[in-house]
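# Geometric and topological summary
What follows is the residue order along each chain.
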Amino acid sequence: MIVNLKNTEKRDITDLGGKAVSLSKLIRNDFPVPDGFVVTTEAYSLFLKNNDLIEIINNKLSSINYTNHDIIENCSNEIQEAINKGNLPTVVIERIKEAYDNLYTTNVAVRSSATAEDLPTASFAGQYDTFLNLKTLGQVTQHIKSCYASLWTSRAMVYRYENRIPQSDVKLAVIIQEMISAKSAGVLFTMNPISMNKKELVIESNYGLGESIVSGQCSPDQFLVKRESHHGLGEFMIVDTQIGKKNVAVYPKTLEAESGTMLTELTENENKCSSLTNQQIIRLSQISSQIERIFKAPQDIEWAIDQDDKIYILQSRPITSLESIKHEDDVYWTRGYSDDYWNDCCTPLFFDLLGDPLTNIVSVELNNIMGYKDIDTNLLKLYHGHVYFNLNVLRNRVKYEIPKIFRNEDLLNYFPEGSGHYGKETMKNLPFRIFRRIFSEVRIMIFDPNGSMSKTAPTYYEWSKTEFEPFCKEFDLRLERLSKNGDLLGLADLAYKLDRVMVSHYRLIRYGLAVHNIGMNLMLQYLLTKFLGKEDSLHYYPILISGLEHKLTETNDDLRYLASIIQKSPELESIINEQDSQDLYAYISSSKNPKVQNFYKEFNGFLDKFGERGFTREVFYPRWNEEPRYLFDILKTLIKGKDRDYREIKEKQLKYREKIEKLVEAKIRSQRFGLIKWLLCSKILDSARTYLIFREGQRYNLDRWTYRNRKVYLEIGKIFKQKGILKDTDDIFFLHRREIKKILDQPDVEFTSIIKKRRDVFFKYEYTIPPKFLHGSREFDDLFQYDQESLSFKGIPASQGILTSKIRVINKIEEISSVQIGEILVVPKTDPGWTPVFSKLGGLITETGGILSHGAVVSREYGVPAVTNIINACQLFKTGQVVTINGYNGTVVIKK
């Protein structure tokens, strides 16, 4: 009844169960398996016999109805209860004690091993129980019974029924093995179970025990390994590394009196770093391929690495189906592209308001015009309050629209590291369909001529002036009238009309942003690199696209003007600094002081012009004209210290740009065919500048559209609250548009619990930087290269200059007034609402974004060195640290 795992030659699956048979075979072939023994199925049979359980089980099974869940559950509970009340035979306990005492350690794992388990057609993975880190004989014998009981869970019974395995034919053995105190553990598939590629191995890993992975408690690290030869061991190459958002790990309890495991939160550093080294990944791949050869079939292998870096194999079973890796779907999602639309937490309503036209007009309708039939229509995903773009859509866009030579680091930043299907290396070398691209351009000329480079921007400005401006004025008047009357249906119709007027906006920005802006800037960088070399291109490109006049610089200039008014009056400056930002607007509006009154007039002029903007795109948050305190926080920073004449800064930047442009022209024209080269380059430069300005113009209109959506939906929410449908007016933002329509049709419909859950998610993740990538709902990031001990960091150089100064880390807009003159600001991301203070900064470091992000654009206008895309920067840097930022090569170095 008790057999050592090393001495099982004469035993088979009917004695040992599938798991123990596999482990025994591994031991006989010299694979590293923890020592242990098996309590055979004979002991299980004796236990049933001695406790009269066979008759009880047969009686329960005779009346079971597998179409009725409640009957199955009751049957299962009664059988398990009877088993747990039973006693192990004395002879079995004595033999277990003898084998247990001979183990090297008393800390053991107790694992079920059924006769119908790890079969080629049915794995029974996770059906039967395992118990970890048991420390006494009493615990071992008690949990053997728990393993027996797990044979009769409702899930296991239904699984056997569905696989046509007779219930009474199945028996259970139990494995007792020495416990491995793992520093990392996980699973390995010797064939990619998603793509069915036999030359690819997939490893999932986390710190601690593998329980966190098999129980679904974490999003593990995942590694894709390519094997050059399938039949031999061959060479192994890591082609894709995905650092999961692990968050937690499972470890054995360490106190002598405590058995079992504990769930531990990982540190920020552990969460961002790989749980395996490259050497461990390759060694695991080698061992697993050897195991596959022994079993002559692809294997699903559980493994662990102990504190001395020794690898142990805990289990090996055949891969039976695509369910081996439990992804909810096989779609990859990226946050990389979302910074142009969503870099803040997103409510369900705003996801619909912006997401629907992006999907239907910018993506699906454009694909039809261009003749793309194979691009996914599922563009967006809302996950934990953050928006992700479908990587397959972006992949096809790159394939059809962007030649290889233009695919620079800024573009490839949308994709994960590695050479997997969506990896940066793959995207860099993905074949460009030039004839498909030419065909799509012809279709645009025929079906949507406003999509041409020469027409998109002027057509957009004409629409803005003749349609959008008048509509906004009409909207405001109608909103006021409908709100006074409490006209719910009228308000809903007004919201619909706001959607309709923006159709032209989306039909033009689908070219202006994704094609002309990105395309022309990629082409400009390529030409500069081709004509002048990479080093000069990196130096000149950011300068050539700086010094532009657009809505963002206009907004910031007007704020600087307000700051200059304050600085000219010590009395006014004292008031602004001493009063709480929350109370300042009321204070200056009631003041009789002439200087304050004059400032109040100028301030209101700014609100009339730009008050519909805010610090974020999200419709849930108030705009500047609703909460002027955000502007006063910015002004408090701008008036600190000696004023830098912002007009002088801009004039200096413009002269420097003109000087560099002449230098670039001279260098290119001195080459062979230089005149032709410069004509081409200057034409592309003009287009790149045009569509950078276009980008900020459309963003300004988007802010005005967001503001009006906020106003109209708050009025709808107010009526819903009066009717008792909503608890709070702003609950309206946590409903999808289809749900709001449903309430309009059926006022008694209940959404209270759904709204609460969505609000909880929104505020939980409000100030967190989400994982950059998703695979289904599995979270992962780029490989994290740095930790708290690192002194040197590399990002994307976004604005030139070198500066040594103190760091100021802020995570939210409410902290903006703490920024001091000349500090290097470290932020998760930047929105236009953050940028007015940049004139006071010494430098900028962001966790996300690239050379065309808002933070980078404004940094160049003020001559502030900027480095973007340093992952986890807000945790790596600390306020007060002194660093040197280099905007030429993208490095940041901490000074000791």
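Right above here is the structure, for reference.
Presented here is an overview of the structure given in this document. (Residues numbered from 1 in each chain as written. Predicted model: local features only at pLDDT ≥ 70, side-chain atom pairs only at ≥ 80, totals over all residues. Heavy atoms only, no water.)

## Some details on the overall build of the protein
Helix and strand counts for the protein come out as 30 helices and 26 strands. Once local pairs closer than 6 in sequence are excluded, the contacts in the protein between residues at least 24 apart make up 70%. Counting 118 positive and 116 negative side-chain charges, the protein places the centres of these two groups 5 Å from one another. (Helix = DSSP H or I, 4+ residues; strand = E, 2+ residues; numbered from the N terminus. Contact = heavy atoms within 4.5 Å. Lys, Arg positive; Asp, Glu negative; His and termini not counted. Charge placed at Lys NZ, Arg CZ, Asp CG, Glu CD.)

## Observations regarding the pairing of strand 15 (residues 380-383)
Bridging between strand 15 and strand 16 (residues 386-390) involves four bridges; their strand directions are antiparallel. The residue of strand 16 that forms the bridge with Leu382 is Val387. Counting the residues that bridge the hairpin from strand 15 to strand 16 gives two residues, and of these His384 lies at a positive phi of roughly 50 degrees. (Pairing = 2+ DSSP bridges.)

## Observations regarding the nonpolar core
Membership of the largest hydrophobic core comes to 133 residues, with the highest contact counts inside it found for Tyr506, Phe599, Leu635, Trp705 and Tyr713. Excluding anything up to four places from it in sequence, Tyr506 contacts Leu353, Leu354, Pro357, Leu358, Ile361, Val362, Leu702 and Trp705. (Core = buried A, V, L, I, M, F, W, Y, C linked by side-chain atoms within 4.5 Å. Buried < 20%, exposed > 50% of the residue type's maximum accessible area, 1.4 Å probe, protein only.)

## Brief notes about the packing of helix 22 (residues 581-590) against helix 23 (residues 594-610)
Here helix 22 crosses helix 23 at 125 degrees, and the two axes come no closer than 8 Å. One element, helix 22, and the other, helix 23, form an angle in the oblique class. Crossing of helix 22 against helix 23: the hand is left-handed. From helix 22, Tyr585, Ile588 and Ser589 reach across to helix 23, where they touch Val596, Phe599, Tyr600, Phe603, Asn604 and Leu607. Residue composition of the contact of helix 22 with helix 23, grouped by class: seven nonpolar, two polar and no charged. (Axes fitted to C-alpha atoms, helices over the stretch in contact; angles between N-to-C directions. Parallel < 35°, antiparallel > 145°, perpendicular 65-115°, else oblique. Left-handed = near helix turned anticlockwise from the far one by under 90°. Nonpolar A, V, L, I, M, F, W, Y, C, P; charged D, E, K, R; others polar.)

## Points about the pattern of salt bridges
Once the charged atoms of two side chains with opposite charge are near each other, the side chains can pair. Going through the model one piece at a time under the given rule, you end up with 43 salt bridges. Residue Glu292 pairs with Arg227 through a salt bridge whose shortest N-O separation is 3.1 Å. Here Arg227 lies in strand 8 (residues 221-227) and Glu292 lies in helix 10 (residues 278-295), a separation of 65 residues in the sequence. Each of the two residues, Glu292 as well as Arg227, counts as buried. In this structure, Glu627 engages Arg629 in a salt bridge whose closest nitrogen and oxygen atoms are separated by 3.1 Å. Here the residues in one salt-bridge network are Glu469, Asp476, Glu612, Arg704 and Arg708, joined through shared partners. (Salt bridge = Lys/Arg side-chain N within 4 Å of Asp/Glu carboxyl O.)

## A closer look at the sheet that holds strand 3 (residues 108-114)
A sheet is described by the order of its strands in space; here five strands give the open sequence 1-2-5-3-4, paired in antiparallel fashion. In this open sheet, the two strands that pair with only one neighbour each are strand 1 (2-4) and strand 4 (130-134). Looking at each pair of strands side by side, their axes are set apart by 20 degrees on average, direction ignored. As judged from the three bridges shared by strand 1 and strand 2 (residues 36-39), these two strands associate in the antiparallel manner. Each bridged residue has a counterpart across the sheet, and for Asn4 the counterpart in strand 2 is Phe37. Helix 1 (residues 13-28) contacts strand 2, strand 3, strand 4 and strand 5 (172-178) of the sheet and is inclined by roughly 120 degrees relative to strand 3.

## Details of the pairing of strand 8
Burial runs high along strand 8: six of the seven residues are buried. As judged from the six bridges shared by strand 7 (residues 200-207) and strand 8, these two strands associate in the antiparallel manner. Each residue of the ladder has a partner; that of Ser205, found in strand 8, is Asp221. Both strand 8 and strand 9 (residues 236-244) contribute to a ladder of six bridges, which runs antiparallel. Within strand 9, the position partnered with Gln222 by the bridge is Gln242.

## Quick notes on a nonpolar patch on the surface
Together, Ile434, Phe435, Ile438, Val442, Met445, Ile446 and Phe447 make up an exposed nonpolar region whose accessible area comes to about 790 Å². Note on placement: Val442 falls in helix 15 (residues 434-447). (Patch = residues over 30% accessible without salt bridge, like charges linked within 9 Å, V, L, I, M, F, W, Y side chains within 5 Å. Areas by Shrake-Rupley, 256 points an atom, 1.4 Å probe, with all protein chains shown as cover.)

## Description of the sheet that holds strand 13 (residues 311-318)
Whenever strands of a sheet pair, they do so through backbone hydrogen bonds, lying parallel or antiparallel. A sheet is described by the order of its strands in space; here eleven strands give the open sequence 13-12-6-7-8-9-18-17-14-16-15, paired in antiparallel fashion. Each edge of the sheet is formed by a strand with only one pairing partner; in this case those strands are strand 13 and strand 15. Sheet twist, expressed as the average angle between the axes of neighbouring strands with direction ignored, equals 30 degrees. In the packing of helix 11 (residues 348-370) onto the sheet, the strands contacted are strand 15 and strand 16, and the crossing angle to strand 15 comes to about 165 degrees.

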